2 protein chains.
Amino acid sequence: MQSRSRQDLQDLVREQLQVLLEQKNFQGAKALLVPVQVADIAASIEGLPEATQAIAFRLLSKEESIEVFEYLDPSVQQTLLEDFKRQDVQEIVDNMSPDDRARLFDELPAKVVRRLLQQLSPEERDATALLLGYAPNTAGRIMTPEYLSLKENLTITQALAQIRSQADVRETIYYIYVTDDARRLTGILSLRDLILAQPEETIGSIMTREVVFVNTNTDQEEVARTIQHYDFVAIPVVDAEQRLVGIVTVDDVLDILEQETTEDIYKLGGLEAGGDNYFQTNLFTVARKRVVWLFILLITNSATAAVITNQEDILEKVVALTAFIPLLIDTGGNVGAQSSTVVIRGLNTEDIRSHEALNIIRREAIAGILLGAMLGTVVIVWAYFLQANISVALAVGISLFSICVLASVSGSALPFLFRAMGLDPALMSAPFITTAVDVLGVLIYLNVARMILGL
Amino acid sequence: MQSRSRQDLQDLVREQLQVLLEQKNFQGAKALLVPVQVADIAASIEGLPEATQAIAFRLLSKEESIEVFEYLDPSVQQTLLEDFKRQDVQEIVDNMSPDDRARLFDELPAKVVRRLLQQLSPEERDATALLLGYAPNTAGRIMTPEYLSLKENLTITQALAQIRSQADVRETIYYIYVTDDARRLTGILSLRDLILAQPEETIGSIMTREVVFVNTNTDQEEVARTIQHYDFVAIPVVDAEQRLVGIVTVDDVLDILEQETTEDIYKLGGLEAGGDNYFQTNLFTVARKRVVWLFILLITNSATAAVITNQEDILEKVVALTAFIPLLIDTGGNVGAQSSTVVIRGLNTEDIRSHEALNIIRREAIAGILLGAMLGTVVIVWAYFLQANISVALAVGISLFSICVLASVSGSALPFLFRAMGLDPALMSAPFITTAVDVLGVLIYLNVARMILGL
């Protein structure tokens, strides 16, 4: 090897790299680059066909990639970044298995992220998401590069001059972020701090060192809640080495919260929440998504039908009992929905914590008793008025009371149970509440009627 | 009158005013002040007992009140503003009828609003709401005085000096508002505009003249949607004369949207949405609020019970039919909820406009047909499996198909109907959908069964 010239080595690496990439042996390509000098990697990448340049670059470890990137000529850096947008490059990455991608791709260096994000529109950013390597619905996906960052040792005068020269950032400056030489986030200040300071003071002396930040892999809902909690207008996003790579602004958070809320509401309404816009979705897809929950309902109704079939004798003798089954089922369903709506919304907005479960279930049980007492009493009169049969009226009233208590307890308890099991309360609660209320409700009703009627 | 000294006149006005206020004759007190000189009103007010000073001041017309306020000694201005917080003053105003209050109280002058808001915490602002005269849930109630305003003719150097001197405003400056001598909003600029401008330029020459603003009486949800639409971090609030009186910031908007969303979700869940925190509400109040919707359900169920009672003969002959009533009711209710959830959420987020109604109802009808076809087919097999009666199975399947179509059409159409009638779709739709689906569903079911069974 020592006798080879530098040129030979670069050619050799480039040829091997090209062969491995064409064979889609990304593992091999990644391994090949490890012992090679940074300068040689850079030269080898420059010599590759365009479609594989970006892939080879993404295979580098994070430390290597920043060094290689710095080594490249600015015009080559530019070409490389443009490759991230190329359709054929996207397809190569798209065809890797997600596992492979996660194993092969390190995070991008902060400098590259910034350069890349500045070139991409939000739509393009979404399209290049695979190459960026950030998971969907994370801070990495929603951050923007439109922030101002300064170094600690600048004086106020120098800082103002630098801000004036950075005319490409958007008009509204939320905060100014302070980074050290390794681009690590060290502080934050407002434009007002800058204006109020003396010209010869340094940024480091007036900045706030306690900065609240999120990571590139923080879930977007968590990002939104953090911004909301602190009343921020923007929050910095850092990578695994604390390097500033972007910011998330409050206007994006508003859209995220609206989208998450729609998902919550859809789930409560028995709709599968998709990321897509419903009004642009094919109607067959809409029906397919909705039918899932309705089939679950069908299965749980087998139990209800079985209970009724089992008790056919009493219904045959006193057909009047049938007239009140819809009322009992409707009321049970609604009382259950009222309790679960309060608990699920409370869990989602974090107004309710899991450790409060017992307290809240007790509250709901009492509310159910009160509701049941009011409704049950009225219903006895109402049912007697409709059917002039006091035994049936009593059976309906007593059953309604029991169903109200049952529904409010299961409506409040099941969301906590599902949350504790790591399941989504909004998605899981409705089928189980419906089953509990329908099956147990009808069972209670027919047995109470049996006792009162002496059958 | 001419022979009286100024002192006598002031004493007379003050005495009469005091008598009228003690008699709670606010109308009379207001009328008394009209022909009196501003300086005399000021002196009369100063002479009143403290508890009535603020009331007398609030009875002045807007033009008078600003003149009277300017005439008062700064220490008296201060005392007057402090009176707004006094419990006994609050009680006097609280005891006026809302009509009276609206008729007697003009808007407060912009200057007084600013002074007042600066002294009040958000909690106190809420407590003094009656005296402020802004309706609940309007921009006037949620605005804050923590904004920076400058005059057009200032140079950049002067402006920066003025900003440095206003150290009492909060740290984050969103925008700088520009007002004329009458405090009317004329422009807006960012701190960045200020930093980028040449020192000798004037504010008027660099500001943006197209300012989006809201009025003190704009509904808070409308304020939130405006901020969200324009991606603002704050929006100025002006009074009826275009005078700047406050700003609403995006962090308040986040809280408002969350609160409005909770109300939407509660309504969809059949809960009356109250302003209060549910978890601090008395359980009797909780039960009372929930029971309203359940009583409506009881009334609509009378129709369902009547239909069943009317058709008792068929149920008596084929008791097996009863076993499927819960399934039909549950499915109808859920298909209706799915359609209405999508439409109501869409109307609330303005993703759906009223003129799209026909298009959307048609979409939902087709979705209902698809769902009905899938479910109906499966249900025929399922019902046959459960009861081994092909006639009953067919009746269940056909009815389920009809119910799916009925539920998706009424679920999507009723929200539009209620919106068009000026009613809240979220609150009104559920009872009517339940009724339509229950009554018509059972009617369809029993009649289809009658035909198929040849009874």
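As the structure is a computational prediction, the values presented were derived from the model and not from experiment. (Residues numbered from 1 in each chain as written. Chains lettered and ligands numbered in written order. Predicted model: local features only at pLDDT ≥ 70, side-chain atom pairs only at ≥ 80, totals over all residues. Heavy atoms only, no water.)

1. Description of the pattern of salt bridges
Applying the stated criterion across every chain yields a total of 14 salt bridges over all chains. A:R225 is paired through a salt bridge with B:E258; the nearest N and O atoms lie 3.0 Å apart. Highlighted residues: A:R225 in helix α16 (residues 220–230) and B:E258 in helix α17 (residues 250–268), drawn from two different chains. Summarising the burial analysis for this pair, A:R225 and B:E258 share the class buried. The closest approach of N and O atoms between B:E364 and A:R290, which form a salt bridge, is 3.0 Å. With B:E364 in helix α21 (residues 357–387) and A:R290 in helix α18 (residues 283–310), this pair bridges two chains. For A:R290, a relative accessible area of 3% puts it in the buried group. (Salt bridge = Lys/Arg side-chain N within 4 Å of Asp/Glu carboxyl O. Helix = DSSP H or I, 4+ residues; strand = E, 2+ residues; numbered from the N terminus. Buried < 20%, exposed > 50% of the residue type's maximum accessible area, 1.4 Å probe, protein only.)

2. So, the packing of aromatic side chains
According to the stated counting rule, one finds 14 aromatic pairs over all chains in the structure shown. Arranged with centres 6.3 Å apart and planes meeting at 80°, the rings of A:Y147 and A:Y177 form a pair that is edge-to-face. Of this pair, A:Y147 sits in the loop between α12 (139–142) and β1 (148–151) while A:Y177 sits in strand β2 (residues 176–179), and the two are 30 residues apart along the sequence. Here the two residues A:Y147 and A:Y177 agree in accessibility, since each one is buried. Taking the centre distance of 5.1 Å and the plane angle of 15° together, the rings of B:Y230 and B:F232 count as stacked. (Phe/Tyr/Trp six-rings, centres within 6.5 Å; stacked < 30°, edge-to-face > 60°.)

3. Let's talk about the side chain of A:S340
Tracing the backbone through its elements, the reader meets A:S340 in helix α20 (residues 325–348). Ignoring sequence-local partners within four residues, the contact set of A:S340 consists of A:G411, A:P415 and A:I433. (Contact = heavy atoms within 4.5 Å.)

4. As for the packing of α18(A) against helix α23 (residues 425–453) of chain A
Residues and elements named next belong to chain A. Viewed as axis vectors pointing N to C, α18 and α23 meet at an angle of 15°, and their least axial separation amounts to 9 Å. On the basis of the axis angle, α18 is roughly parallel to α23. In the crossing of α18 with α23, the sense of the turn from one axis to the other is right-handed. In this structure, α18 contributes W293, I296, L297, T300, N301, A303, T304, V307 and I308 to the contact, and α23 contributes A430, P431, T434, T435, D438, V439, V442, L443 and L446. Tallied by class, the residues present in the contact of α18 with α23 amount to 12 nonpolar, five polar and one charged. (Axes fitted to C-alpha atoms, helices over the stretch in contact; angles between N-to-C directions. Parallel < 35°, antiparallel > 145°, perpendicular 65-115°, else oblique. Left-handed = near helix turned anticlockwise from the far one by under 90°. Nonpolar A, V, L, I, M, F, W, Y, C, P; charged D, E, K, R; others polar.)

5. Quick notes on the UniProt feature "domain: CBS" (unreviewed entry) in chain A
This chain's UniProt record puts "domain: CBS" (unreviewed entry) on residues 143–205 and 207–263 of chain A. For residues 207–263 of chain A, the end-to-end C-alpha separation is 40 Å, with 44% helix and 23% strand making up the annotated structure. (UniProt positions renumbered as here; feature names shortened; annotations may be inferred.)

6. Observations regarding the UniProt feature "transmembrane region" (unreviewed entry) in chain A
UniProt marks residues 291–309, 365–386, 392–418 and 430–453 of chain A with the feature "transmembrane region" (unreviewed entry), using the numbering shown here. The straight-line gap between the two end C-alpha atoms of residues 392–418 of chain A is 37 Å; of that span, 100% is helix and 0% is strand.

7. Concerning the relation of the copies chain A and chain B
Mapping chain A onto chain B calls for a screw motion: a turn of 179° about the axis and a shift of 0.1 Å along it, with 0.4 Å RMSD after fitting. Within this description, the copies of the chain are treated as partners about a two-fold rotation axis. No C-alpha of chain A lies nearer the rotation axis than that of A:E316, which sits 2.9 Å from it. Of the residues that chain A buries at the interface, 100% are likewise interface residues in chain B, meaning the two copies contact each other through the same surface. (Least-squares fit on C-alpha atoms with pLDDT ≥ 70 in both.)

8. A short note on the sheet that holds strand β5 (residues 234–238) of chain A
Residue and element names in this part refer to chain A. Reading across from one edge, β4-β5-β6 is the order of the three strands in this open sheet, with mixed pairing throughout. Two strands lie at the open edges of the sheet, namely β4 (214–215) and β6 (244–249), each paired on one side alone. Inspection of the sheet shows β4 paired to β5 by two bridges, in the parallel sense. Note on β5: the bridge partner recorded for V214 is V237. (Pairing = 2+ DSSP bridges.)

9. Points about unusual backbone geometry
Residue and element names in this part refer to chain B. Its identity is not glycine, yet R183 carries a phi of approximately 65°, on the positive side. Structurally, R183 is set in the loop between β2 (176–179) and β3 (185–189). Residue classification places R183 among the partly exposed positions, given a relative accessible area of 29%. Although it is not a glycine, Q242 sits at a positive phi angle of roughly 65°. Among the secondary structure elements, Q242 is positioned in the loop between β5 (234–238) and β6 (244–249).

10. Some thoughts on the interface of chain A and chain B
Counting residues at the interface gives 97 residues for chain A, matched by 97 residues for chain B. In this assembly, chain A packs against chain B so that about 9000 Å² is buried in total across both faces, 68% of it on carbon and sulfur atoms. The largest per-residue losses of area from chain A upon contact with chain B belong to A:R192, A:I195 and A:R363, which jointly make up 9% of the total buried on that side. Viewed at the interface, chain B and chain A are joined by 24 residue pairs in polar contact (both at pLDDT 80 or more). Class assignment of the residues belonging to the side of chain A that touches chain B gives a composition of 56 nonpolar, 22 polar and 19 charged. (Buried area = accessible area lost by both parts, 1.4 Å probe. Polar contact = N/O pair within 3.5 Å; in protein donor to acceptor, adjacent residues only side chain to side chain.)

11. Side note on the nonpolar core
Within the largest apolar cluster, 140 residues are counted, with the highest numbers of intra-cluster contacts made by A:F57 and B:F57. Among all residues touching A:F57, those that are not within four sequence positions of it are A:I45, A:S65, A:V68, A:F69, A:L80, A:F84, A:L108 and A:V112. (Core = buried A, V, L, I, M, F, W, Y, C linked by side-chain atoms within 4.5 Å.)

12. Considerations on the domain arrangement of chain A
Looking at chain A, the domain boundaries give domain 1 (1–136), domain 2 (149–266) and domain 3 (283–453). Taken over C-alpha atoms, the centre of domain 2 of chain A sits 50 Å from the centre of domain 3 of chain A. (Domains from an automatic or database assignment.)

13. Notes on the pairing of β2(B)
All names here are of chain B. Side chains of β2 alternate between two faces, with I176 and V178 and Y177 and T179 buried alike. Here strand β1 (residues 148–151) pairs with β2 via four bridges, running parallel. The partner of L148 across the bridge, within β2, is I176. One ladder, built from four bridges, connects β2 with β3; its direction is antiparallel. Residue Y177 lies in a different strand from β3, and its bridge partner there is I188. In this structure, the hairpin formed by β2 and β3 is closed by a connection of five residues, where R183 is found at a positive phi of approximately 65°.

14. A closer look at helix α17 (residues 250–268) of chain A
Residues and elements named next belong to chain A. Over its 19 residues, α17 extends 27 Å from the first C-alpha to the last, a length consistent with the 27 Å expected when each residue adds 1.5 Å. Counting buried positions over the 19 residues of α17 gives 14, a clear majority of the element. Count one or two residues on from α17 and you reach G270, which has phi positive near 75°. (Expected span 1.5 Å × (residues − 1).)

15. Overview of the sheet that holds β2(B)
Two orientations exist for strands paired in a sheet by backbone hydrogen bonds: parallel and antiparallel. All names here are of chain B. Taken in spatial order, the three strands line up as β1-β2-β3 in an open sheet, and their pairing is mixed. Each of the sheet's edge strands pairs with one partner strand only, and the pair in question is β1 and β3. Here the average twist between neighbouring strands, direction ignored, is 35°. Sheet strands touched by helix α13 (residues 156–165): β1 and β2. Its angle to β1, the strand with the most contacts, is close to 150°.

16. Regarding the pairing of β5(A)
Residues and elements named next belong to chain A. Most of β5 is tucked away: five of the five residues are buried. Side chains of β5 alternate between two faces, with A234, P236 and V238 and I235 and V237 buried alike. With five bridges joining them, β5 and β6 adopt antiparallel strand pairing. By the bridge assignment, A234 is partnered in β6 with T249. Two successive antiparallel strands, β5 and β6, enclose a turn made up of five residues, where Q242 displays a positive phi of approximately 70°.

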